[in-house]
Amino acid sequence: LESNTNNTNNTNNTTNTNSNRHSPTHTHTHSKRITFNVASFNILAESYLTRRSHKNLPADSQKVVFHPPSRQALLVQILQRLIHSDDGGGDGSDGSGSGSGVNAEIVCVQELDDALLDAVITCMASAGYGHVYAPRGGTCTSIIAF
């Protein structure tokens, strides 16, 4: 995602009715282009993840998805790929994550509930990210931005 501010060059001609002279007014605002990467990741809250609601998952996926320590480890691995740049060392086909780095300056994590909150904050803090946390209360899940 790229965000930028556009350079503007406005020229307004105003007429002085008393002397019928045109007095051009030039306004020029200099803005620098700001470029940054944003990654948004919906992790699916633990409270919504049940065997009943995801009964068609392949057996290999079930071993990770329904095993909290494995799911947490996979989540941390994915977050690390989002925050590190591509090292150019491969295409990621070996499972190392090479070639898949995003180098995101801003990371938004959706549907984060208490089961994974500490692991996500620890992972991102170790990479130097601060965070803004928006707890939702009740049965709703939360959103956090780094």
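Residues numbered from 1 in each chain as written. Predicted model: local features only at pLDDT ≥ 70, side-chain atom pairs only at ≥ 80, totals over all residues. Heavy atoms only, no water.

(A) Structural view of the sheet that holds strand β4 (residues 106-112). Taking strand neighbours across the sheet as the criterion, the four strands line up as β3-β4-β6-β5 in an open arrangement whose pairing is mixed. Only two strands of the sheet have a single partner each, and these edge strands are β3 (38-42) and β5 (132-134). This sheet shows a mean twist of 10° between the axes of neighbouring strands, independent of strand direction. Bridge analysis of β4 against strand β6 (residues 142-145) gives three bridges, and the strand direction is antiparallel. Considered in β6, the bridge of V109 is made with I144. Sheet strands in contact with helix α2 (residues 68-83) are β3 and β4, and its direction is about 165° off that of β3. (Pairing = 2+ DSSP bridges. Helix = DSSP H or I, 4+ residues; strand = E, 2+ residues; numbered from the N terminus. Axes fitted to C-alpha atoms, helices over the stretch in contact; angles between N-to-C directions. Contact = heavy atoms within 4.5 Å.)

(B) Summary view of the nonpolar core. L79, V107, V109, L112, V120, M124 and F146 are the most contacted members of the largest nonpolar core, which totals 18 residues. Looking at this core, the elements with two or more residues in it are α2, β4 and α3 (114-126). No other element matches α3, which puts five residues into this core. In contact with L79, not counting residues within four places along its chain, are F41, V107, V109, V120, C123 and M124. (Core = buried A, V, L, I, M, F, W, Y, C linked by side-chain atoms within 4.5 Å. Buried < 20%, exposed > 50% of the residue type's maximum accessible area, 1.4 Å probe, protein only.)

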